[in-house]
Amino acid sequence: MKSNKASTLIEVMIYSMLLLSVLALAYLFYKLGNQYLKKTRTQVEMQQAASLSGSALVKDLCEAYGTGIASFPSPAGPGALPGVVMLSARDDQGTFRYEEGSGNPIWQRYVGYYLDTDPEMPADASVKALFRAEITNLGGLPSSQPPGPVAAGVTTTLMRTSGLRRKLVAHGLRAPSNALPHGGLDVYCLNTTNAKVYPTVLTNPVWIDLELLNTSTGSMQSSMRTRLSVMARN
């Protein structure tokens, strides 16, 4: 006579505990993997934003007039948006204009970079976006010897309110604060003691500090800092 084989209650409980242990371990690995992917994606996004910001600034600054670069906030007045304004000899088609006889640039416009509300995160006061804009109706442009931005009354605030061809360069730059008054975009010179200075006219080399902040992972905020130096055209 054959006996019926059946699991006892104890065996069922053991199998259930083993299954729960396997599922808990699988969930733990899934959670850790998901956190790693979020952190990696955040780092990649900040690296891309830093690359976009740095390459755009370096391109314009290295072609700018050496005595026509102004950092803001500056002695031009309080309330200016953090950023930098410079002269550019490129026209609407992107052609670099110069005098055929002397080879001197014919300056076409003032170009400005500044921090403003990030349209992707308008409610997040900790981050800003980097914008680029142009002014062409001041300083007697086009000219081979135009006044610098401050002398012409061109500020980052004017770029924001009246700038042409305004475009967003990068997201996620750190917003200005008491500890970081220039926010994630700081353009300056160094004096003889290697301290940061912000003269009305910047001198070579021009230094750029960028600080990126990503709050997409909630409490796991990530940040990145980078420093660049540029020699403007003399």
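For the structure itself, look to the data block above.
Residues numbered from 1 in each chain as written. Predicted model: local features only at pLDDT ≥ 70, side-chain atom pairs only at ≥ 80, totals over all residues. Heavy atoms only, no water.

Peer 1: Just checking my understanding: could you explain the side chain of Thr156 for this structure?
Peer 2: Residue position: Thr156 is located in helix α3 (residues 156-162). Residue Thr156 is classed as buried on the basis of its relative accessible area of 0%. Here Leu81 takes part through its backbone oxygen, which lies 2.6 Å from a polar atom of the side chain of Thr156. (Helix = DSSP H or I, 4+ residues; strand = E, 2+ residues; numbered from the N terminus. Buried < 20%, exposed > 50% of the residue type's maximum accessible area, 1.4 Å probe, protein only. Polar contact = N/O pair within 3.5 Å; in protein donor to acceptor, adjacent residues only side chain to side chain.)

Peer 1: For this particular structure, what's the right way to read helix α1 (residues 9-63)?
Peer 2: Helical geometry note: an α-helix holds 3.6 residues per turn, so side chains three or four residues apart project in the same direction. With 55 residues, α1 extends 81 Å between its outermost C-alpha atoms, agreeing within 8% with the 81 Å of an ideal straight helix rising 1.5 Å per residue. For α1, the complete set of buried residues consists of Thr42, Met46, Ala49, Ala50, Ser53, Gly54, Ala56, Leu57, Asp60, Leu61 and Glu63. (Expected span 1.5 Å × (residues − 1).)

Peer 1: Which parts of the structure should I look at to understand a nonpolar patch on the surface?
Peer 2: Nonpolar side chains collect at one region of the surface, where Ile10, Ile14, Tyr15 and Leu18 lie side by side and expose about 440 Å² of accessible area between them. Within the element layout of this structure, Tyr15 appears in helix α1. (Patch = residues over 30% accessible without salt bridge, like charges linked within 9 Å, V, L, I, M, F, W, Y side chains within 5 Å. Areas by Shrake-Rupley, 256 points an atom, 1.4 Å probe, with all protein chains shown as cover. Salt bridge = Lys/Arg side-chain N within 4 Å of Asp/Glu carboxyl O.)

Peer 1: Help me out: how do you make sense of the nonpolar core in this one?
Peer 2: Among soluble globular proteins, nonpolar side chains are generally buried collectively. Grouped together as the largest cluster of nonpolar side chains are 28 residues, with contacts concentrated most on Leu57, Ile69, Tyr113 and Leu185. Where this core is concerned, the elements lending two or more residues are α1, β2 (83-88), β3 (109-117), β5 (164-174), β6 (185-190), β8 (206-214) and β9 (222-230). Among the elements that take part in this core, α1 stands out by supplying six residues, more than any other. Every residue in contact with Leu185, bar those within four places of it in the chain, is listed here: Leu57, Pro82, Gly83, Tyr113, Leu115, Leu130, Leu173, Ile208, Asp209 and Leu210. (Core = buried A, V, L, I, M, F, W, Y, C linked by side-chain atoms within 4.5 Å. Contact = heavy atoms within 4.5 Å.)

Peer 1: Looking at this structure, I do not really get the pairing of β8. What am I missing?
Peer 2: In the case of a regular strand, side chains alternate between the two sheet surfaces. Here β8 lies mainly inside the structure; eight of its nine residues are buried. Taken together, the four bridges between β6 and β8 define a ladder with antiparallel strand orientation. Directly across from Val187, in β8, lies its bridge partner Ile208. Note that β8 and β9 share nine bridges and pair antiparallel. Of the residues in β9, the one forming a bridge with Asn214 is Ser222. (Pairing = 2+ DSSP bridges.)

Peer 1: Would you take a moment to explain the packing of aromatic side chains for this structure?
Peer 2: Taken as a whole and assessed by the stated rule, the structure comprises four aromatic pairs. Centre to centre, the rings of Tyr188 and Tyr198 are 6.3 Å apart; their planes meet at 65°, and the pair counts as edge-to-face. With Tyr188 in strand β6 and Tyr198 in the loop between β7 (196-197) and β8, this residue pair connects regions lying ten residues apart in the sequence. The ring centre of Phe131 lies 4.2 Å from the NZ or CZ of Arg166, which sits over that ring. (Phe/Tyr/Trp six-rings, centres within 6.5 Å; stacked < 30°, edge-to-face > 60°. Lys NZ or Arg CZ within 6 Å of the ring centre and 35° of its normal.)

Peer 1: Looking at this structure, how should I read the pattern of salt bridges?
Peer 2: Counted under the stated rule, the structure contains 15 salt bridges. Arg174 is the partner of Glu211 in a salt bridge, and the nearest nitrogen-oxygen pair spans 2.7 Å. Of this pair, Glu211 sits in strand β8 while Arg174 is found in strand β5, placing the two residues 37 residues apart along the sequence. Look at Glu211 and you get buried, because its relative accessible area is 7%. Two residues, Asp186 and Lys196, come together in a salt bridge whose shortest N-O distance is 3.0 Å.

Peer 1: What's the story with unusual backbone geometry in this structure? I'm lost.
Peer 2: Leave glycine aside and you will find that most residues have negative phi; peptide bonds, for their part, are mostly trans. Residue Pro142 follows Leu141 across a cis peptide bond; omega there is -5°. Locating Pro142 in the fold gives a position in the loop between β4 (127-135) and α2 (149-152). Backbone torsion omega between Asn204 and Pro205 reads -10°, so that peptide bond is classified as cis. If you trace the backbone, Pro205 turns up in the loop between β7 and β8. The backbone of Arg165 shows a phi angle near 50°, a positive value even though the residue is not glycine. Mapping Arg165 onto the fold places it in strand β5.

Take it as geometry only, folks, not as evidence of what the structure does.
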